[in-house]
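Chain residues, written in single-letter form:
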Amino acid sequence: MGLRDVLLRIGAGHPAVLLACLPGATETRLAVEAGLRRRGWPVAASPAAASALVVVGAAGAADEEWVEGLWRQIPSPKARSAVAGAYDVEAALDTLVRPAAAPVPGDGGEHSADHDGPGGHADQGGHRDHDGHDDHDGHGGDDGHGGHGGHDDHDDHDGHGGHDGRDGHDDHGGHGDHGEHHGHGGVVAGLPMAGRADDRDGLRLDRLHLPLGPGLADWPAGLVLDVALQGDVVQHAGVRPLPPPAPGGLPYWDEPWLRAARGAHVPRGTAARRRCAAHLDSAARLLAVSGWPDPAARARRLRDAVLGGAPAREWSAELGRLVRRVRRSRVLRGLTAGLGALPAAGARRFGVTGPALAADGDAYDRLLVWLDDAVRCAAEADDDRPLRPYDRDGPRGRLGGPRAPSDALLDALPELLRGAEFASARVIVASLDPDLDEVGAVVRG
Amino acid sequence: MMLAMAAWEPVPVLLGVVIGGLAALHGLGAWLRAGQRPLESGPFSGGLPPEEHAFSRFHVRWYPVTMIFLAFDMEMLFMYPWVRVVRERGTSAVVEMFLFLGILLAAVAYARREGALRWA
Amino acid sequence: MADTAPLWAVVLLPFALVAAAAVVAGLDAVLTAAAERGRGGRPLRAAPAPLRTGLRLLGGQPRRTTAGDPWLGRIGIALVPVAAVLAGAVLPWGFRAVTDPVVGVVWFNAMEALAWAAVWLAGWGPNSALSLIGGYRFLAQGLAYELPHMFAITTAALGAESLRVGEVVAAQRGLWFAVWMPAAFAVFLLSALAMAFWGPFDHPLGRDAAGGAAAEHAGVDRLVLLAGRWLLLVVTAGFSVPLFLGGGHGPWLPAWAWTLLKTAAVLGLLVAGRRLLPTLRMERYLEFAWTVLVPLTLLQALVVAVVVLNR
C-alpha cells in the first residue's frame, strides 16, 4: 500500500499535459506554455501520452463536446484543470498534482481540478453520435449486392457529389476485388470501413475521412480540417466553418494596432514586440512540426522574453543566433522547400497580405520572412514613440480591410493541401499559421 | 558442430529473461494501477471522431522502391558468405561481386530517372 | 579472443542495457531542458525525468482503441526490446560477448531487422489513422536506411574477412576500421539512428502525427515501446564500437573501460548531434540514400576488397 502510493506519487508529480486550446485564448496559452516549461512538464502530443488535460480559454457550448472527448481518451490516473486567464496559470497547474482528495478552493470558478485515480472510471469513449450518417447503418445490406451508393454517402458528405455513375460502375466491374474488400467491410462498432475513390493517378484506392484538429499539438487553436486521406496523402481538405466567436477582447496578436487605430496610446515598442513574438510563435510551430524541437524550444523561450518586456539587449543576441542557425540549415531548406508554394500573384487572388504575400514562395520562404521580420522588430522593441493610428500592418497581414488577414490564409489553405503528404500538410498549415482569433472578430478597429 | 551449437545456447536464455522481464513489468503495472481495466477509447486525430475505421489498404507511393530494395536485399545475402572467401578466390570474386552490384546500380539509376525515388 | 560469457552475464545483460538506456535518455532530457529553459533553468535537474516518466507510464492505465487489434499492436511493441536485447547478445563488453557465434554479424543484422515488423505492427494495431501513418512511415524509412546499413556492416566484416564479431575486433588491433573506412562508419551511425527510429529519423513516431505509431499506446505498452527504442539506440550505436572503433582495444585502460568510453562517446555524439537536424522525411531522404549513400558504401566496400586482396 505504502510503496505503491509513493511510486504513483513520483510518477504523478510530473504530469504530461495535453492542452485543449480554445480560440480567443492566445495570451492564456502563452502563459500556460511558459508555466509548463518552468516546471519541466512535457506537453503531450496525444491523449495516450498525457496524464493531465488543461483547457486553455473559456469553453463555449460548441467546444464542450471535443474537450470532453479528449478527456475521455486520456488514461487514468489523470487530472484536469481549466485556465480562463493568464493570471490564473500557476494555481491551475498546481491543482494537477494536488492529491485527489483535497478540495479545490474556488476563486470564482476560474479553475477546477478533476482527478480520476486508480479505481475511478472514465467514461468509455467507444460510442459516438453520427448525425447525418445514419444511412451508414444500411451498409451491411448494400455490401451484399455490390455496395452501390454506399460510397456516395461519403462523397456527398464532403461536398463532392456528382460522380455517382462512375462510382457505381467501377464497383460493379471489379467483383473479385470487391468481395475481398467487403470481406472485412460493413459497419463495425458503429463505424463503416473505408470507402474507395480515385486517386490523382486514376487508381481506385481506399479513402479515409478524418477531421484533423482542433486538439493537435502545434496546431492553430480552433482550426478543424476535414481531410480525405488515401494512404497518407491528403486528397481533399476543407476548413470546417467556425462557430461565431464569443464577444470579447481584441485578438491578442493584433491588439496593439487595433487599439492604436481606436485612438489609444500604444508605444511602437509594444507593437514591435508583439509582432516579433507572433513570428517567433509561428516559427516555433513550424520548426516543431518539422521535427526540430531544439530551435523550436528556443524560439518559444525567446518569444516569452520578448513579451515579458525584458530590454532588447538581453535577448537580441540570442535571437540573432537562433535566426542564423535556422537559416544555415540546408537540411531544413531541403525538407520544407517546395511545400505549399504560394506565389505572390496567387496570394493576392486570395486576398493574402503580410508575410505570406511578402514571402512570394513556399513554406521555407515564409519561415525566412518571419525570422527576418522578427530581427527587424527587435531593433524597435524599446521605441517609446506612439504607434501611428494608420499603421495597420499586423503580424499576419493588413488589418482594417473587410476581412481579417487569417480569413485569406484559411481560404488559401485547401488548395495548398491537396495532394500533400500528411507531414507536408502539417508543415503547410504551420507555415501559414492562421490565427483563428482574428477570424470573425472585430478587426476593423 | 557441438561448438557451433554451444554458441547459441545463451540466446534462448536471453529471450526468456526479456520475456520474463516484460511479463514482470506488466504485472508491476497491474499492481500499481490496482488491476484497473484498459481504457476503451476512440482513435485520436485532434479530438473529433473519424468517419471510418482506419484499417484500410493503405496507399503507399513508394512501392516501386520496394522492388529495387528486394533485388538488392537478395544480393546482400550473397555478400555475407562472400566476405569470408574474397582472399581465397582472389580477384575474380571481387570482379564478379561488383559487376553484379554495378548492374543493380544501373537499375537504381533508371528508377531515379523515372522518378521512383521521389514521391512528394 | 572472445568467448562465451557465464550464465550470470546473460541474465545481467538486459539490465545493463536498460541502465545504459536510462543514462542516455537522461542526457537527452538534460539537453532538451537546456533548450527549453536555458542555462539558468537548471537543466541538470531534468536528468531523472525519463525515470519519472517511466514510473508514470507504468502506473498508468493501458489503452485500447475501438475495434483495434490490441494483441497485434502489443506483439509489435514487445518486439522492440526483444530485438534490441537479442541483438545485444553479440555485443562484446571488453573482449567478451554473451555469445560469439561464427555468424555474429549476420545475427545482429537479423535482429535489428525485427524493428520493421515491430514499428509497423505497433502502428497498425490501434486502428487509428495517425498511428497507421506512423507505422507506414517506418517501412519507407527501412527502404532508405537498410541497404546502406548492411553494406556498411559488410564492409567491416570484409576488412576482418570474418562474420564473427570477436574476429572483427581482433582485426582492429593495430588500426581501427573507422580510420580507413570512414564512409562506412558514418553511414553506420546514420542508420543506427534510423533503425532506432530516434533523432532525425523519428518520423514514424513524429509529433506532427500526434506520436505516429505511438499515438494510441498508453501505460505499460507505451513504456515498453519508448524504453525499447532507447534500448535499440544503445545497442545499435554500441555495435559501432566493435565494428569500427576497435572494440576493447586501446592503451593503458582495461578493455572493458575502453568499451564503455567509446560507447559513451558514440552515444553522446548522437544525442548531442540530434539537436543539429530536423526530422528527415523519407520522401526527400530516400533519394539521397539511394543515389549517394548506397554508391558511397559500395565504393567503400570496393576499396576495402582491394586492400584485402593485396594483403
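Residues numbered from 1 in each chain as written. Chains lettered and ligands numbered in written order. Predicted model: local features only at pLDDT ≥ 70, side-chain atom pairs only at ≥ 80, totals over all residues. Heavy atoms only, no water.

**Student:** Whenever I open this one, the overall build of chain C confuses me. Can you help?
**Tutor:** Helix and strand content of chain C: 13 helices and one strand. When the helices and strands of chain C are read in sequence order from the N terminus, they spell out α-α-β-α-α-α-α-α-α-α-α-α-α-α. Taking 19 Å as the expected radius of gyration for a compact globule of 311 residues, we find that chain C reaches 19 Å, a close match to that expectation. When the 311 residues of chain C are sorted by exposure, 69% land in the buried category. For chain C, contacts bridging at least 24 residues in sequence account for 79% of all contacts bridging at least 6. Only carbon and sulfur atoms are counted for the fraction: they give 73% of the accessible area of chain C, which is about 9600 Å². The averaged location of the 15 negative side-chain charges in chain C is 11 Å from the averaged location of its 22 positive side-chain charges. (Helix = DSSP H or I, 4+ residues; strand = E, 2+ residues; numbered from the N terminus. Rg over C-alpha atoms; globule rule 2.2 N^0.38 Å. Buried < 20%, exposed > 50% of the residue type's maximum accessible area, 1.4 Å probe, protein only. Contact = heavy atoms within 4.5 Å. Areas by Shrake-Rupley, 256 points an atom, 1.4 Å probe, with all protein chains shown as cover. Lys, Arg positive; Asp, Glu negative; His and termini not counted. Charge placed at Lys NZ, Arg CZ, Asp CG, Glu CD.)

**Student:** In this structure, what is going on with the UniProt feature "transmembrane region" (unreviewed entry) in chain B? I would like to understand it.
**Tutor:** Residues and elements named next belong to chain B. Mapped onto the present numbering, the UniProt feature "transmembrane region" (unreviewed entry) falls at residues 12-32, 62-80 and 92-111. This span, residues 12-32, is 100% helix and 0% strand, and a straight line between its end C-alpha atoms measures 30 Å. Note that residues 92-111 is 100% helix and 0% strand, and that its end C-alpha atoms are spaced 29 Å apart. (UniProt positions renumbered as here; feature names shortened; annotations may be inferred.)

**Student:** Which parts of the structure should I look at to understand the interface of chain C and chain B?
**Tutor:** For an interface, size is often stated in terms of accessible area lost upon the parts coming together. The interface of chain C with chain B comprises 80 residues on the first partner and 60 residues on the second. Of the roughly 6600 Å² buried where chain C meets chain B, counting both sides, 77% is carbon and sulfur surface. Joining chain C to chain B, the criterion identifies three salt bridges. Between Arg118(B) and Glu287(C) there is a salt bridge, with its nearest N and O atoms 3.2 Å apart. Seen at the junction of chain C and chain B, the total is 16 residue pairs in polar contact (both at pLDDT 80 or more). (Buried area = accessible area lost by both parts, 1.4 Å probe. Salt bridge = Lys/Arg side-chain N within 4 Å of Asp/Glu carboxyl O. Polar contact = N/O pair within 3.5 Å; in protein donor to acceptor, adjacent residues only side chain to side chain.)

**Student:** When you look at helix α18 (residues 422-432) of chain A in this model, what are you seeing that I'm missing?
**Tutor:** Think of an α-helix as 3.6 residues a turn; residues three or four steps apart then line up on the same face. A large share of α18(A) lies buried, amounting to 11 of its 11 residues. Positive phi appears at Asp433(A), one or two residues downstream of α18(A), with a value of about 40 degrees.

**Student:** Sorry if this is basic, but what is going on with a positive patch on the surface here?
**Tutor:** A cluster of basic side chains, namely Arg321(A), Arg324(A), Arg328(A) and Arg39(C), defines a positive patch on the protein surface. With respect to the helices, strands and loops of the structure, Arg321(A) is situated in helix α12 (residues 312-328). (Patch = residues over 30% accessible without salt bridge, like charges linked within 9 Å, V, L, I, M, F, W, Y side chains within 5 Å.)

**Student:** Just to check I follow, could you spell out a nonpolar patch on the surface for this structure?
**Tutor:** A surface patch of nonpolar side chains, amounting to about 620 Å² of accessible area, comprises Val13(B), Leu7(C), Trp8(C), Val11(C), Leu12(C) and Phe15(C). Residue contributions to the nonpolar patch peak at five residues, all from helix α1 (residues 7-37) of chain C. Summarising the element assignment, Trp8(C) is placed in helix α1. Residue classification places Trp8(C) among the exposed residues on the basis of a relative accessible area of 60%.

**Student:** Where do I start with the packing of aromatic side chains in this structure?
**Tutor:** Working definition: an aromatic ring pair is given by the centre-to-centre distance plus the angle between the planes. Inspection of the entire model under this criterion finds 19 aromatic pairs over all chains. With centroids separated by 3.6 Å and ring planes inclined at 20 degrees, the aromatic side chains of Phe108(C) and Phe239(C) adopt a geometry described as stacked. Taken together, the residues Phe108(C) in helix α4 (residues 104-112) and Phe239(C) in the loop between α10 (219-238) and α11 (240-244) connect sequence positions 131 residues apart. Given a relative accessible area of 0%, Phe239(C) falls into the buried group. One aromatic cluster is present, formed by Phe55(B), Phe58(B), Trp120(C), Trp124(C) and Tyr136(C) through successive ring pairs. Positioned over the ring face of Phe350(A) is Arg349(A), at 5.2 Å from the centre of the ring. (Phe/Tyr/Trp six-rings, centres within 6.5 Å; stacked < 30°, edge-to-face > 60°. Lys NZ or Arg CZ within 6 Å of the ring centre and 35° of its normal.)

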